[in-house]
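# Inside the fold
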Amino acid sequence: MDPEHASVREPRASRASHREIADELRSRIGSGALRPGQRMPTQAELAEEFGVERGAVRQALDILHAERLLTGVSKGSPARVAEGAWPGWSAAPPQPTVVGLGPRVAAAFAAPQVRIDALCLTSVSLTLAVGEQLRLIHAGELKPAKIDVRVLLPSHRIELAFPTPVDPVNAGDGGLLHERWLAVRNAQGLVLRQNLLALRTTHGIDVRLTFRALPFTPPVKLYLLNEAEALFAYYTLGRHEQREFGGEPLQLYDADGTRSMLFAFGPGAGSRDAAFVAESRRWFDALWETISSDLELT
């Protein structure tokens, strides 16, 4: 074998799933057994080691490529460990939500059963990230058996903490800001619902999508993927100018959620990450089961 290749272990007695293969290879990268720049075993060698078909190996490599741990996955030669691969994928630097969420959702959709829990202000970033996976499903490149999505959004009945006028007394446009936010929240939610639920009839996928309303404006956003990964970002407020209200510029406090820096916590990165994911799941479930209420999109 090429000495650049990582050593291949004895074949396993039982067939591994593609996620189990990805978990094992991720663990080897995190432990340093596979080093940045090192060439991976061939797909044939990995298929023999794990006792699976090459398709499962390709799915596992695609997951690690989406996590930016591997490069050259689609090339003819074996993939390599990315030069910037850290011990544990979640140790990578944070990225803006619109950049970092897509690859993580793509990795989640590689599983046969997809589970996404999201707490956010409008679901714009989530709708964008899921949209690419729906395109792959329609193209026949993906077909998960089940998709279960739960989304927590602010209730339309509350007075939002943001967006809000800098000078609410003289601005007189808090109501218009609220209506604009509500229109975006509902429009994004309806797009997400229509596109996901359509998979039931077009592809026979078991899809469940549920929205619930929160009685407060969330200062953070949280995405939980397949009950194993947590993506966390702050809504950092800034002063902005809006020119669409009666032709007069309106000064307001707001946050750009698509640019919020997303921090990732997940498998293979140690007990601290595992504890954060578990506590985030417990926090989300508590909000879902206690103070949240039914949310209707209109």
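In the block above lies the structure referred to throughout.
Procedures and definitions
Within any chain, residue numbers begin from 1 and follow the written order of that chain's sequence. pLDDT decides what is reported in this predicted model: residues at 70 or higher carry local features, side-chain atom pairs at 80 or more are listed and counted, and totals for whole chains, interfaces and linings draw on all residues regardless. Each side-chain value is derived from all of the structure's non-hydrogen atoms; neither hydrogens nor water enter the calculation. The helix and strand labels rest on DSSP assignments: H or I over at least four residues marks a helix, E over at least two residues marks a strand, and numbering proceeds from the N terminus. Contact criterion: two residues are considered in contact whenever any of their non-hydrogen atoms come within 4.5 Å of each other. Note on pairing: DSSP must find at least two bridges between two strands before they are called paired. Where helices are involved, their axes are fitted lines through C-alpha atoms of the stretch in contact, as for all axes, and angles between N-to-C directions lie from 0 to 180°. What makes a salt bridge here is a side-chain nitrogen of Lys or Arg within 4 Å of a carboxyl oxygen of Asp or Glu, nothing more. Think of it in three bands: residues with accessible area under 20% of the maximum for their type are buried, residues over 50% are exposed, and the middle band is partly exposed, with areas taken using a 1.4 Å probe on protein chains only.

## Describing the side chain of glutamine 133
- Here glutamine 133 shows up in helix 5 (residues 124-138).
- Sequence-distant contacts of glutamine 133, that is, excluding residues within four places in its chain, are made with Val105, Ala106, Phe109 and Leu142.

## Quick notes on the sheet that holds strand 9 (residues 229-234)
- The strand order 3-12-9-8-4-5-7-13 describes an open sheet built from 8 strands, whose pairing is mixed. Edge strands, defined here as strands with exactly one partner in the open sheet, are strand 3 (95-96) and strand 13 (293-294).
- Each of strand 4 (113-119), strand 5 (146-154) and strand 8 (220-225) is contacted by helix 5, which is oriented at about 25° to strand 8, the strand it contacts most.
- Sheet strands in contact with helix 8 (residues 271-289) are strand 4, strand 5, strand 7 (206-214), strand 8, strand 9 and strand 12 (261-265), and its direction is about 70° off that of strand 5.

## Points about the pattern of salt bridges
- Counted under the stated rule, the structure contains 9 salt bridges.
- In this structure, glutamate 227 and arginine 115 form a salt bridge, with 3.3 Å as the shortest nitrogen-oxygen distance. In this pair, glutamate 227 is assigned in the loop between strand 8 and strand 9 and arginine 115 in strand 4, connecting sequence segments 112 residues apart.
- When the shortest N-O distance is used, the salt bridge between arginine 150 and aspartate 285 registers 2.6 Å. Of this pair, arginine 150 sits in strand 5 while aspartate 285 sits in helix 8; the two residues are 135 residues apart in sequence, bridging distant segments of the chain.
- Looking at arginine 150, the relative accessible area reads 11%, which means it is buried.
- Through salt bridges that share partners, Arg115, Asp117, Arg150, Glu227 and Asp285 make up one connected network.

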